[in-house]
Amino acid sequence: MPVDNKRVRGPEISQSPLLFLPPDSQISKVSSSSGRQGARGNGDIRPLFARCGLVSQAKGSAYLEAGNTKIICSVYGPRETERKDETDMKSGRLVCDFRLAPFSCPKRGAWIQNAEERDLSTALAESLQPGACLHRYPRAQVDVNVVVLENDGSALAHAVTCASMALADAGIEMYDTVLGCALRQDEERCLVDPDLAEERAESSAENQGRVVVALLPNLNQISGLQADGEMREDSLTAAVRTCVEGCHRLYPVVQQAILRAVKKKAAPPPEK
Amino acid sequence: MATVQVGEAEKVYIMHGVRDDLRVDGRGCEDYRHMEIETDVVSNTDGSAKVSLGQTDILVGIKAEIGKPKPMVPDEGYLEFFVDCSANATPEFEGRGGEELGVELSNNLYKVFNNKHSLDLRSLCICPGEHCWVLYVDVLLLQCDGNLFDAMSIAIKAALFNTRIPKVHISEDEEGGKEIELSDDPYDCMRLNVENVPCIVTLCKIGHRHVVDATLLEKACSVASLLISVTHKGTVTCVRKLGGGSLDPDSIFEMTETGKRVGKMVHAPLMELLQKEESLGRERTKVGFLA
């Protein structure tokens, strides 16, 4: 094949233009910004918008918006399980699929699931499982598909909340709703429900990290816990407590959304 | 995951034992099984270690290669983890059977090392933006008898301690082209500072108590466990709840406290042992795989 020498060929691997920003504007420090966006206090969660039942094809679905984080989730099943080789057939399986839409993050992602998304899928499944009465669905599987449309931080935490709403909407028997809350620790500052800039901000502090907690509010059980970074034990404990509080604050909104969906479904046919 | 079938009566027996701080093999709730560590077991690697913890056997090999630094951090090298669940360990891992577990294990390793102080990645930089050392950490599970995480993290720490990266020299010619020269003296090498490398402690909740270093039998009796990675200073670098059950907030706090205490205690003897092994030098009798 003749090679066109006149044309300037682009690099083989494309890169986001954000990479070429001057270095000082690139790094936004968590500690340098005194206030959070939208006059939010450090312990405040972003206002939440949640609705159930928007995907008509699915058994249950939910949409959730917290700030700019937008998540959609649909639940299919229970249906016959695909994998019959599993030894434990007495209880159903919860198959979670977590995906970040390619355009959801500042840097474009691929359509195929990467290692990070697979890790988030397992984390999601582990958080949701204790909330669902899977023993009621022997030999069956329930599919939970989560797509993050826009990622502005705390995606996993909100995905947990959104998925549990969709499960409730699908009529899957549950012990409790599962609520998720994330936190970013930076030295002594505790930022609840961080946005993407806060979540990803570089920090060389000795005591910094990210925590995600999933909570069953009525049973007061923690169904999911994930933390990374470097934290002292006491600040980790405090962070978990703060996250539990944050979860409780989500509860009324989620409850209302589920109630609304139930009322809509159970509405009597209009009389003529 | 490699699992075993446990009868109801056996479960009750194990749970009652744990309640009285006496486990099936005679250990207390916070005791590890007998552990053996040997470094420098595979000569083709830059660093390697084999750890056996009870019946769990893990081999870690580290290879250093020259690669291109990640665009976001041009002045740092990086680590790549890969965990292979060999079908040697259990027939369940045959084909793609071990893939899921392998991905889970390696993802957790990335999380454990996802901070600035665990390992000085800047020391892996050769030429900012152009060349850096990439450490491929390959973990091979030879035998599984529970508590893969702890054994794996100890093996990785030992292998990193054992790693010797050859020194490189960058020379520039008249046209500004850079050339990398590798030192041909095998003793002219760089060592890694592994002081801050964390160790993982997995705590299994059994009944109302939690146990350290659970065997497969004990694991089958628990619904949820907590993974905590702790540095020698007691800093927690990663926490994760594993398994399909949920945990009470108070028990999580208790478990993190135990995890930190146990984890801190692992580091000093481990470093002492590694240094002692190294001081033996060439006179050391190699044990190998037939221990």
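Reading the values: the criteria
- Residues numbered from 1 in each chain as written.
- Chains lettered and ligands numbered in written order.
- Predicted model: local features only at pLDDT ≥ 70, side-chain atom pairs only at ≥ 80, totals over all residues.
- Heavy atoms only, no water.
- UniProt positions renumbered as here; feature names shortened; annotations may be inferred.
- Salt bridge = Lys/Arg side-chain N within 4 Å of Asp/Glu carboxyl O.
- Helix = DSSP H or I, 4+ residues; strand = E, 2+ residues; numbered from the N terminus.
- Buried < 20%, exposed > 50% of the residue type's maximum accessible area, 1.4 Å probe, protein only.
- Expected span 1.5 Å × (residues − 1).
- Pairing = 2+ DSSP bridges.
- Axes fitted to C-alpha atoms, helices over the stretch in contact; angles between N-to-C directions.
- Contact = heavy atoms within 4.5 Å.
- Phe/Tyr/Trp six-rings, centres within 6.5 Å; stacked < 30°, edge-to-face > 60°.
- Patch = residues over 30% accessible without salt bridge, like charges linked within 9 Å, V, L, I, M, F, W, Y side chains within 5 Å.
- Areas by Shrake-Rupley, 256 points an atom, 1.4 Å probe, with all protein chains shown as cover.
- Lys, Arg positive; Asp, Glu negative; His and termini not counted.
- Charge placed at Lys NZ, Arg CZ, Asp CG, Glu CD.
- Parallel < 35°, antiparallel > 145°, perpendicular 65-115°, else oblique.
- Left-handed = near helix turned anticlockwise from the far one by under 90°.
- Nonpolar A, V, L, I, M, F, W, Y, C, P; charged D, E, K, R; others polar.
- Buried area = accessible area lost by both parts, 1.4 Å probe.
- Polar contact = N/O pair within 3.5 Å; in protein donor to acceptor, adjacent residues only side chain to side chain.
- 1 Å grid on protein atoms, 1.4 Å probe; cavity = no way out; pocket = protein on both sides within 12 Å on 5 of 7 lines; lining within 4 Å.
- Points joined across faces, edges and corners; volume = space filled by probe spheres on them.

Looking at an unreviewed UniProt entry, one finds chain B named Exosome component 7 and attributed to Silurus meridionalis. You can read under Sequence similarities (unreviewed entry) in the UniProt record for chain B the words "Belongs to the RNase PH family."

Per an unreviewed UniProt entry, chain A carries the name Exosome complex component MTR3 and comes from Silurus meridionalis. The Function (unreviewed entry) comment attached to chain A in UniProt states, word for word, "Non-catalytic component of the RNA exosome complex which has 3'->5' exoribonuclease activity and participates in a multitude of cellular RNA processing and degradation events." The UniProt entry for chain A carries this comment under Sequence similarities (unreviewed entry): "Belongs to the RNase PH family."

Attention now moves to the pattern of salt bridges. Counting across every chain of the model gives 30 salt bridges over all chains. A salt bridge links Arg210(A) to Asp228(A); the shortest N-O distance between them is 3.4 Å. One end of the pair, Arg210(A), is in strand S8 (residues 208-216); the other, Asp228(A), is in strand S9 (residues 221-231), and 18 residues separate them in sequence. In this structure, Asp57(B) engages Lys50(B) in a salt bridge whose closest nitrogen and oxygen atoms are separated by 3.7 Å. Of the two residues examined, Asp57(B) and Lys50(B), each falls in the buried class.

Bringing helix H3 (residues 155-169) of chain A into the picture now. All names here are of chain A. Relative to the 21 Å expected for 15 residues at 1.5 Å per residue, H3 spans 21 Å between its end C-alpha atoms, a close match to the ideal helical length. Summarising burial for H3: 14 of the 15 residues are buried, a large majority. After H3 finishes, the residue Gly171 shows a positive phi value of roughly 75°.

The subject of this paragraph is the sheet that holds strand S11 (residues 199-206) of chain B. Strand order across the open sheet formed by eight strands is S7(A)-S6(A)-S8(A)-S9(A)-S14(B)-S13(B)-S11(B)-S12(B), with antiparallel pairing between neighbours. The open sheet has two edge strands, strand S7 (189-192) of chain A together with strand S12 (209-212) of chain B, and neither has a second partner. Shown here is a sheet whose adjacent strand axes are inclined to one another by a mean of 20°, direction ignored. Note that S11(B) and S12(B) share four bridges and pair antiparallel. Paired with Lys205(B) across the strands is His210(B), a residue of S12(B). Sitting on the sheet, helix H2 (residues 115-128) of chain A is in contact with S8 and S9 of chain A together with strand S14 (236-242) of chain B, with an inclination near 55° to S14(B).

Residues and elements named next belong to chain B. Per the UniProt entry, the sites bearing "domain: Exoribonuclease phosphorolytic" (unreviewed entry) are residues 32-166 and 196-261 in this numbering. The distance separating the terminal C-alpha atoms of residues 32-166 is 36 Å; by composition the span is 21% helix and 38% strand. Helix makes up 27% of residues 196-261 and strand 38%, whereas the separation of the span's terminal C-alpha atoms amounts to 16 Å.

Attention shifts here to the packing of aromatic side chains. One pair of aromatic rings is described through two measures. These are the centre distance and the angle between the planes. Enumeration over the complete set of coordinates arrives at three aromatic pairs over all chains. Ring geometry for Phe49(A) versus Tyr63(A): centroids 6.4 Å apart, planes at 70°, classification edge-to-face. With Phe49(A) in strand S1 (residues 48-52) and Tyr63(A) in strand S2 (residues 60-66), the pair connects residues that are 14 residues apart, well separated along the chain. The class for Tyr63(A) is buried, based on a relative accessible area of 15%. Ring centres of Phe81(B) and Phe113(B) lie 5.2 Å apart, and the angle between their planes is 35°; this geometry places the pair in the tilted category. Here Phe113(B) lies in the loop between helix H2 (99-112) and strand S5 (125-127) and Phe81(B) lies in strand S4 (residues 78-85), a separation of 32 residues in the sequence.

Glancing now at a negative patch on the surface. There is a patch of like negative charges on the surface, built from Glu172(B), Asp173(B), Glu174(B), Glu175(B), Glu179(B) and Glu181(B). Its location among the elements puts Asp173(B) in the loop between strand S8 (168-172) and strand S9 (178-182).

Here the focus is the packing of H2(B) against helix H3 (residues 148-162) of chain B. All names here are of chain B. Put simply, H2 and H3 touch, their axes get as near as 12 Å, and they point 55° apart. Considering the angle they form, H2 stands oblique to H3. Crossing angle aside, the handedness with which H2 passes H3 is right-handed. Residue-level contacts link Leu101, Glu104, Leu105, Asn108 and Leu109 of H2 to Leu148, Phe149, Met152 and Ile156 of H3. Considered class by class, the residues forming the contact of H2 with H3 number seven nonpolar, one polar and one charged.

Residues and elements named next belong to chain A. Between Gly77 and Pro78 the backbone carries a cis peptide bond, its omega angle lying at 0°. Mapped onto the elements, Pro78 comes out in strand S3 (residues 69-80). In this structure, Ser154 is a non-glycine residue whose phi angle is positive, near 55°. The phi dihedral of Glu187 is positive, around 55°, even though this residue is not glycine.

Counting residues at the interface gives 35 residues for chain B and 36 residues for chain A. Summed over both sides, the interface between chain B and chain A buries roughly 3100 Å², with carbon and sulfur atoms accounting for 50% of that surface. Taken as a group, Arg240(B), Lys241(B) and Phe253(B) account for 18% of the area that chain B buries against chain A, more than any other trio of residues on that side. Between the two partners, chain B and chain A, sit three salt bridges. Arg240(B) is the partner of Asp119(A) in a salt bridge, and the nearest nitrogen-oxygen pair spans 2.9 Å. Counting across the interface, chain B meets chain A through 13 residue pairs in polar contact (both at pLDDT 80 or more). Of all the secondary structure elements, the ones that give two or more residues to the side of chain B that touches chain A are H2, S14 and helix H5 (249-280) of chain B. For the side of chain B that touches chain A, the element with the most residues is S14(B), which contributes seven residues. Here the side of chain B that touches chain A is composed, by residue class, of 12 nonpolar, 12 polar and 11 charged.

The subject of this paragraph is the pairing of S8(B). All names here are of chain B. In terms of strand pairing, S8 meets S9 through five bridges, oriented antiparallel. Residue Val168 lies in a different strand from S9, and its bridge partner there is Leu182. Here S8 hands over to S9 after five residues, with Gly176 in that stretch at a positive phi of 85°.

All right, on to empty space enclosed by the protein then. Residues and elements named next belong to chain A. A full pass over the atoms with the stated rule returns four cavities of 30 Å³ or more. Reported here for the largest cavity is a volume of approximately 90 Å³. Lining the largest cavity are 13 residues, and of these Ala123, Ser127, Gly224, Leu225 and Gln226 sit closest to its centre. Taken together, the residues of the lining of the largest cavity sort by class into seven nonpolar, three polar and three charged.

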